[in-house]
Amino acid sequence: MNYRGIWAIYAFEMGRTLRTLGQSIASPVISTVLYFIVFGSAIGSRIQAIDGVPYGAFIVPGLIMLTVLGQSISNASFGIYFPRFTGTIYEILSAPLSFWEIVLGYVGAAATKSVVIGTIVLITAAFFVPLHIEHPMWMVFFLVMTSVTFSLMGFIIGVWADGFEKLQLIPLLIITPLTFLGGSFYSIKMLPPFWRQLSLLNPVVYLVSGFRWSFYEQGDVSLVTSVVMITAFTVIAIGIIAWIFKTGYRLRK
């Protein structure tokens, strides 16, 4: 394995983040503060505890998932799309790197950024509500797996997109609505039976539920189901990328 090549891509992508700290770091922190002001204070004071957890603390896992999903997709999609846009993708493809080493560099950097930002959001939330993580290892597992999986999906979007507007099309029209409707700020147990069953078709429900379970041992679905689903999403994303490399879809166009 060409570790120097992987490190070169990884370091370049991480360096891009350091050059845009205001957008990369400050923006998620400000968004977190605003969410707590609106949901935690204004709305949370009028809502009773959910499953024995104060509402302000209850929304923390969903808020972190909302940020991590968006950051993972945007970082990975822009990371691979920009070389395609400038034409430097051909230099990368002609380098002594396998396709999987290229993916490892881009996805690894995007996932690292998302984990860092998710951690910053978690620390920021601790200033507003008392937090207690019952299962830290499971929390790290879901945080890392979600970051990697959606970075892989972001890589796919970056390859698929043929314009900057398409980079935001799927995140804005699909991922963000699914996240808001996936129990990020409420429990799907609070919904009527029909809508509760319909919500189970939303893949984000399983991510938020598993992540919230690691905090409070409370989830909308079982931990095993959440683990199986996040693993399945990862395998599907890897399969799609394998197909892209095998066919050269858009990479050489």
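Going by the structure above, here's the rest.
Here the structure is a predicted model, which means the values were calculated and not measured.

K.L.:
Which parts of the structure should I look at to understand unusual backbone geometry?
P.N.:
The phi angle of most residues is negative, glycine excepted, and most peptide bonds adopt the trans form. Positive phi outside glycine occurs at glutamate 217, with the angle close to 55°. In this structure, glutamate 217 sits in the loop between helix H9 (203–216) and helix H10 (223–247). The exposure class of glutamate 217 is partly exposed, given its relative accessible area of 43%.

K.L.:
Would you mind going over the nonpolar core with me for this structure?
P.N.:
As a rule of thumb, soluble globular proteins bury nonpolar side chains together. In terms of nonpolar packing, the biggest core is built from 40 residues, with Val60, Ile64, Phe211 and Phe215 touching the most fellow members. Elements with a minimum of two residues in this core: helix H2 (21–43), helix H3 (55–86), helix H5 (99–126), helix H6 (136–160), H9 and H10. Per-element tally for this core: the top contributor is H3, with 12 residues. In contact with isoleucine 64, not counting residues within four places along its chain, are Gly118, Val121, Leu122, Leu143, Phe211 and Phe215. Among the nonpolar cores identified, the runner-up in size contains 18 residues, and Leu97, Val103, Val107 and Ile244 belong to it.

K.L.:
Could you clarify how one ought to interpret the side chain of serine 151 in this entry?
P.N.:
Here serine 151 lies in helix H6. Looking at serine 151, its side chain comes within polar contact range of the main-chain nitrogen of alanine 111, at 3.3 Å. Leave out the neighbours within four places in its chain, and serine 151 touches Ser72, Ala76, Val107, Ala110 and Ala111.

K.L.:
How should the packing of aromatic side chains be read in this particular structure?
P.N.:
A ring pair, where both rings are aromatic, is described by two values, the distance of the centres and the angle of the planes. If you walk through the whole model with that rule in mind, you get 17 aromatic pairs. Summarising the aromatic geometry, the rings of phenylalanine 78 and phenylalanine 164 are spaced 6.4 Å apart at their centres and angled 35° between planes, so their arrangement reads as tilted. Residue phenylalanine 78 is found in helix H3, and its partner phenylalanine 164 is found in helix H7 (residues 164–180); the two are separated by 86 residues along the sequence. A residue is classified by how much of its surface remains accessible, and phenylalanine 78, at 28% relative accessible area, is partly exposed. Under the relative-accessibility criterion, phenylalanine 164 is labelled partly exposed at 36%.

K.L.:
How should the packing of H6 against H9 be read in this particular structure?
P.N.:
For any two helices packed against each other, the geometry comes down to the angle between their axes and how far apart the axes lie. Between H6 and H9, the least distance of the axes is 8 Å, while the angle of their chain directions is 155°. Taken together, the axes of H6 and H9 lie roughly antiparallel to each other. In this structure, H6 meets H9 at a crossing whose hand is left-handed. Within the contact between the two elements, H6 uses Trp138, Met139, Phe142, Leu143, Thr146 and Phe150 and H9 uses Leu207, Gly210, Phe211, Trp213, Ser214 and Phe215. Tallied by class, residues from the contact of H6 with H9 come to 9 nonpolar, 3 polar and no charged.

Cut-off values and rules
- Residues numbered from 1 in each chain as written.
- Predicted model: local features only at pLDDT ≥ 70, side-chain atom pairs only at ≥ 80, totals over all residues.
- Heavy atoms only, no water.
- Helix = DSSP H or I, 4+ residues; strand = E, 2+ residues; numbered from the N terminus.
- Buried < 20%, exposed > 50% of the residue type's maximum accessible area, 1.4 Å probe, protein only.
- Core = buried A, V, L, I, M, F, W, Y, C linked by side-chain atoms within 4.5 Å.
- Contact = heavy atoms within 4.5 Å.
- Polar contact = N/O pair within 3.5 Å; in protein donor to acceptor, adjacent residues only side chain to side chain.
- Phe/Tyr/Trp six-rings, centres within 6.5 Å; stacked < 30°, edge-to-face > 60°.
- Axes fitted to C-alpha atoms, helices over the stretch in contact; angles between N-to-C directions.
- Parallel < 35°, antiparallel > 145°, perpendicular 65-115°, else oblique.
- Left-handed = near helix turned anticlockwise from the far one by under 90°.
- Nonpolar A, V, L, I, M, F, W, Y, C, P; charged D, E, K, R; others polar.

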